[in-house]
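Descriptive analysis of the structure
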Amino acid sequence: MNKYRFIGRSTPRKDALDIVTGKTKFAGDLSLPGMLYGKVLRSPLPHALVKSIDTTEAARLPGVKAVLTYQEVPDWMGGVPLHVRVLDHKVRFVGDPVALVAAETEDIGEEALRLIKVEYEPLPAVYDVEEALQPGAPRLYEQFPGNVLPRGIRVFGPHPLQELVTGDIERGVAEADFIVEGTCAYENIPNPLPPESPSVIAAWEGTDTLTVWPASQGPHMLKVTLQRWLGSINVRTIGSPVGGSYGSKYMTWQYVFPAAALAQKTGRPVKLCYSRAEHLAAFTVRLGSRLHGRVGLKKDGTVTFFSGDWLVNTGAFSEIAQGMVAVGCGEAQLAIRCANWDLRPQVVCTNRTPSGQVRGFGGQELKCALLPLLTMAMEKAGLDPVEFFKKNYVKPGDGYYWRDGNWWVSRGTDYAAAMEKGAATFGWREKWKGWLVPTSQDGERRRGVGVGVHGNADVGEDVSEAFVRLDPDGTATIHSGLAEHGTGQRSNICKMVAEILQIPLERVSVTACDSRINPFEFGPVGSRGTYAIGGAVIAAAEDAKRQLFELMAPHFGVQPEDLATEDGLVYVQGKTGPRLPWIKGMRYFGTCLGRGRFQPDFTLPNFMMIFTEVEVDTGTGKVDLIRVVGATDVGQIIDPLSLTNQLNGCLGSAGIDSALFEETVLDTRLGRIMNANMIDYKWRTFAELPAMEHVILETPLPSHRFHAVGVGEIAPSPGPSAVLMAVSNAIGVRLTDYPLTPDKILRALGKLPGAPGRGKR
Amino acid sequence: MTPTPVEPSCPTVTLTVNGTTHSFILGEGSHEISPSHTLVDTLRERLGLTGTKISCDHGACGCCTVLMEGKAVLSCMLLTVECAGKEITTIEGLGDTVTGSVDPLQQSFIDHTAFQCGFCTPGVIMSAKALLNENPDPTREEVQAALSGNFCRCNSHYHVLDAVLAAAGGANK
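Along each chain, the written sequence defines residue order, and numbers are assigned to residues from 1. Note on labels: chains are lettered from A, ligands numbered from 1, in written order. Given that the model is predicted, a residue must reach a pLDDT of at least 70 before its local features are reported, and side-chain atom pairs must reach 80 or more before they are shown or counted; all residues, however, enter totals for whole chains, interfaces and linings.

Runs of H or I in DSSP of at least four residues are treated as helices and runs of E of at least two as strands, each being numbered from the N terminus. Per the secondary structure count, chain B includes 5 helices and 5 strands. In sequence order, chain B lays out its α and β elements as β-β-α-β-β-β-α-α-α-α. Reported as C-alpha extents along the three principal axes, the dimensions of chain B are approximately 75 × 35 × 25 Å. Think of it this way: build a C-beta for each residue from its backbone, and any pair within 7 Å is a contact. For chain B, the share of sequence-separated contacts (at least 6 apart) that also reach a separation of at least 24 residues comes to 59%.

See the structure below:
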């Protein structure tokens, strides 16, 4: 029984009316008086020195207000460690910025790009992660010998988790009944591809204040980051609704820097919106992940050791790859209880479009290679994967090293119940016929099933702060730097405040996402919205309510703790008597401002399991996704429809479909991306939806007063490995990389020449 | 000598958007409509109707879908001059302009939370509206086919299908 008035009940999103009537203003919909348009000239070569740039003709074009080259741009840098300049004398991928233009119109700006003459000195390029590590390989950065990025420097604190070395591998080897060694890879670098391309407006007030209107999933963190990087400048960010991000628009300096440099040069606001081709060919994609690993299992499914080299291809720069490695290493321990680890990651740069954060943040990239390796061992041991995960997924009391390098112990739930319910709903026991055995066969069509698992302990990562202001008229305003990026989180924090204050949802609102008026907010990433952001807002609302009751108590002659409030009226709990409006306490000239702060807590792992059923046409090699069942336990649902929306998000945004057809295709002769448009970059349409169902348990978790944790970020992550397992089972051949395009299937079946797969035909 | 006045030749293009007729002078000046302007440029930049979105700008994603004479068209693939004399409806033009109430289809999207980030939503609603104009009682498969040109990356598809079918069902009652 739901005891709440708002929590757990479906309520319309507070921004719903504006969204369905087209009134919602995304960054690209904004314009400022006197605004110019920014354009970026991009390198046609994957690796080259810029020998000369002639901008004379471009600068002379009427309507052009500034042309910037590496010689004129400010010396701002991004990346981990700081190594990515706004423009450089060297280009490192096809699409690397070479010059910037600000013009009165977009057309003039594009024309100006064509008038810039650049002379390059081509350099040899390298694309493969292992080739980049070879002695004598082309070196992208002087400061990174061997193309290896240094380990995380103060990402997530002074000692981030940069490898997973625990226990004793030799003991693990000795204890194993089965040992399997192999290589699996998730290197198709899918693009999360939000419909809104990267967009920003930048404007300067005087010379010391930069205001940025970014399409950003974390505008307040952007302010904090830019503030640190730009030195003495005052930075203000004003976030807007984000037209999809899926993690990719969290660190937005890639497009903010050029706009800010042009705005500084011209003294006018500059708007910069990537074209779709730029978004697909020159913006961050997923990390490439290749794992050479070795795993030991006992007959009962105990994992005795895991050792391996995790080769992480970050493309032309590291946005925050070392941080993603830290989270990936942490999350591996949630999926597998194992005492002996020797997992050694290397972050390597290559001459292709850079990688950056995407939903799944390192964990999905590792899991998509690690779980298939484990399944090889499960096959040898004859273990059912659902039973294996039930035994091995982190349980309350289990510990793990998290991204900060510290040891944390789970206070969470045993998710075996959710797995069991998911398996029953999917019909796993009936459909699972064993390893590399199809579920059914009808002529050339074969069906197979697979399962994957994922979770993070980041639901309580980082700091959130919020103020909740009560006004005498019975309304509440949340001061939060939270940008809406699709999960409905801005509505959900209103629900939390409405629940605490027992006022109608219409009476709760959130401030504009302006860093000048709001306290610190890390942003809605890592599924942290419900616990971390919610935690700060809840604390602020409770603080405000306490202040209100202190003001009201004298009117009743009781202690503040004796009071309650409902619909803007305060009364003594458990007594019939007067009900007085808030204004009695605050008077018309006062407000109550509650403050809330959430401190990081890595003790509550969340959980997601995905079951998939596929049908493979062994004649054509085409794979159809027939059915998906997701299983999770969220403690308490905040908003049912927002939750199912997020769980349905497991398909696209570089999720399940990255196992089937999504990939960024690199031509390794020219270094160019061949499918930088939305016809050649494949995406799932409305006409091809699998049956979708979710099992959502609500076992109260010790998070905050609503006992909930988020799962949005992790929703896609178990998917790709589940599909890989399902397709392998359907065709009876073990597959070890993605995506499972028809050519790969036919090759595995021996119907096309090329490397055959392993296993029973 | 008094210069001979030159009769300015002012080719114009006239179209009706959300019930209001607009005439634009064709040309390359800053307040004119270039013959190379797409309909979505005109809607967004000249008329301030930013509810119509540009995403792929290439006719592949459906985010810029509007109605022309009641049928769904991609406004990034049409030149404004091609739309002369046509009746265009954008997301801002749905609903009852007198009462200000939203279209039942829009209300159904609200009721089903049939969106996440909301960027593709105007295009999805316009495609669905065009379908319901022609086929007031579609099957689920017919809705899927009608929306198959609309890219939705948050995967709100399932809620969208529920919303469209509920709106269609509602219209029949």
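Next, the rest of the story.
We now examine the overall build of chain A. For chain A, the helix and strand inventory stands at 20 helices and 34 strands. When we talk radius of gyration, it's over C-alpha atoms, and the globule rule is simply 2.2 Å times the number of residues to the 0.38. A compact globule built from 761 residues should have a C-alpha radius of gyration of about 27 Å, and chain A, at 27 Å, falls within 12% of that. In terms of overall dimensions, chain A has a C-alpha envelope of 85 × 70 × 50 Å along the principal axes. With C-beta atoms placed from the backbone, the exposure class of a residue follows from how many other C-beta atoms lie within 10 Å of its own: 20 or more, buried; 12 or fewer, exposed; in between, partly exposed. Taken over 761 residues, chain A has a buried fraction of 60%. Contacts spanning at least 24 positions in sequence make up 81% of the contacts within chain A whose residues lie at least 6 apart.

All names here are of chain A. DSSP-based pairing: two strands are paired if at least 2 bridges between them are found. Across the sheet, 4 strands lie side by side as β24-β23-β22-β29; this open sheet has mixed pairing. Either end of the sheet is taken by a strand with one partner, and the two such strands are β24 (508–510) and β29 (592–598). Averaged over all pairs of adjacent strands, the angle between strand axes in this sheet comes to 20 degrees, irrespective of strand direction. In this structure, strand β22 (residues 464–470) lies alongside β29, joined through 7 bridges in antiparallel fashion. Bridge pairing in β29 places Leu470 opposite Cys592. Lines fitted to C-alpha atoms define the axes, with helix axes restricted to the stretch in contact, and inter-axis angles between N-to-C directions lie between 0 and 180 degrees. Relative to the sheet, helix α14 (residues 489–501) contacts β22, β23 (476–479) and β24, its axis offset from that of β24 by approximately 145 degrees.

Frequently, the measure chosen for interface size is the accessible area that the parts lose on association. Each partner contributes residues to the interface: chain A has 43 residues there, and chain B has 41 residues. Elements with a minimum of two residues in the side of chain A that touches chain B: α1 (16–20) and α17 (640–648) of chain A. Only Asp, Glu, Lys and Arg are considered charged in this grouping, and only Ala, Val, Leu, Ile, Met, Phe, Trp, Tyr, Cys and Pro are considered nonpolar; every other residue, Gly among them, is considered polar. Residue composition of the side of chain A that touches chain B, by class: 20 nonpolar, 17 polar and 6 charged.

Residue and element names in this part refer to chain A. According to the domain assignment, chain A contains domain 1 (16–24 + 462–598), domain 2 (31–123 + 197–243 + 249–281) and domain 3 (288–404 + 414–459 + 603–748). Taking the mean C-alpha position of each, domain 1 and domain 2 sit 39 Å from one another. Facing 17 residues of domain 1, the contacting portion of domain 2 comprises 14 residues. Of the residues in the side of domain 1 that touches domain 2, the class split is 7 nonpolar, 6 polar and 4 charged. Where each domain begins and ends follows an automated or database-derived domain assignment.

We now examine the nonpolar core. Residues and elements named next belong to chain A. Judged by nonpolar contacts, the single largest core of 290 residues is most densely connected at Val200, Ala202, Ala259, Val497, Val537 and Val727. Broken down by element, the residue count for this core peaks at 13 residues, all from helix α15 (residues 529–556). If sequence neighbours within four positions are ignored, Ala202 has contacts with Leu210, Val212, Val256, Ala259, Ala260, Ala263, Pro269 and Val270. The term nonpolar core means buried Ala, Val, Leu, Ile, Met, Phe, Trp, Tyr and Cys residues held together as one set by C-beta atoms within 7 Å.

All names here are of chain A. Because side chains alternate across strand β14 (residues 270–273), one face comprises the buried residues Val270 and Leu272, and the other comprises Lys271 and Cys273, equally buried. Here 2 bridges tie strand β1 (residues 36–42) to β14, and the two strands are oriented parallel to one another. Pairing of Leu36 across the sheet is with Val270, part of β14. Where strand β11 (residues 199–205) meets β14, 4 bridges bridge the pair, whose relative direction is antiparallel.

Quick look at the packing of helix α9 (residues 321–335) of chain A against helix α10 (residues 363–381) of chain A now. Residue and element names in this part refer to chain A. Following both chains from N to C, one finds α9 and α10 inclined at 50 degrees, their axes separated by 8 Å at the closest point. Considered as vectors, α9 and α10 are oriented oblique to each other. Here α9 runs over α10; the crossing is right-handed. Between α9, through Val327, Gly328, Glu331, Ala332 and Ala335, and α10, the contact on the second element is made entirely by Gly363, Glu365, Leu366, Lys367 and Leu370. A per-class count over the contact of α9 with α10 returns 5 nonpolar, 2 polar and 3 charged. Here the angle decides the label: under 35 degrees means roughly parallel, over 145 means roughly antiparallel, 65 to 115 means roughly perpendicular, and every other value means oblique. Note on convention: near helix rotated counterclockwise from far helix by under a right angle means a left-handed crossing. Clockwise means right-handed.

The next point concerns α17(A). Judged by how many residues are buried, α17(A) sits mostly within the fold: 8 of 9 residues are covered. Listed in full, the buried residues belonging to α17(A) are Leu641(A), Ser642(A), Leu643(A), Thr644(A), Asn645(A), Gln646(A), Leu647(A) and Asn648(A).

Residues and elements named next belong to chain B. Packing of helix α2 (residues 104–111) against helix α3 (residues 121–134) leaves a shortest axis separation of 10 Å and a crossing angle of 130 degrees. Of the possible angle classes, the one that applies to α2 and α3 is oblique. Every pair of crossing elements has a handedness; the one defined by α2 and α3 is right-handed. Residue-level contacts link Leu105, Gln106 and Phe109 of α2 to Thr121, Ile125, Ala128, Lys129 and Leu132 of α3.

Next up on the list: the sheet that holds strand β4 (residues 71–74) of chain B. Residues and elements named next belong to chain B. Here we have 5 strands laid out as an open sheet, ordered β2-β1-β5-β3-β4, and mixed in their pairing. For this open sheet the edge positions go to β2 (20–25) and β4, each flanked by a neighbour on one side alone. Between one strand axis and the next, the sheet turns through 40 degrees on average, direction left out of account. For strand β1 (residues 12–17) and β2, the ladder comprises 6 bridges, and the chain directions are antiparallel. Counted as the bridge partner of Val17 is Thr20 from β2. This element, α3, spans β3 (65–68) and β4 of the sheet and lies at about 35 degrees to β3.

Attention shifts here to unusual backbone geometry. Backbone phi values are negative for most residues with the exception of glycine, while trans is the configuration of most peptide bonds. Residue and element names in this part refer to chain A. Residues Val80 and Pro81 are joined by a peptide bond in cis, for which omega reads -15 degrees. Inspection of the secondary structure puts Pro81 in the loop between β4 (77–78) and β5 (84–85). Even without a glycine there, the phi angle at Leu193 is positive, about 45 degrees. Inspection of the secondary structure assignment puts Leu193 in the loop between β10 (178–186) and β11. For Leu193, a count of 28 C-beta atoms within 10 Å gives the class buried.

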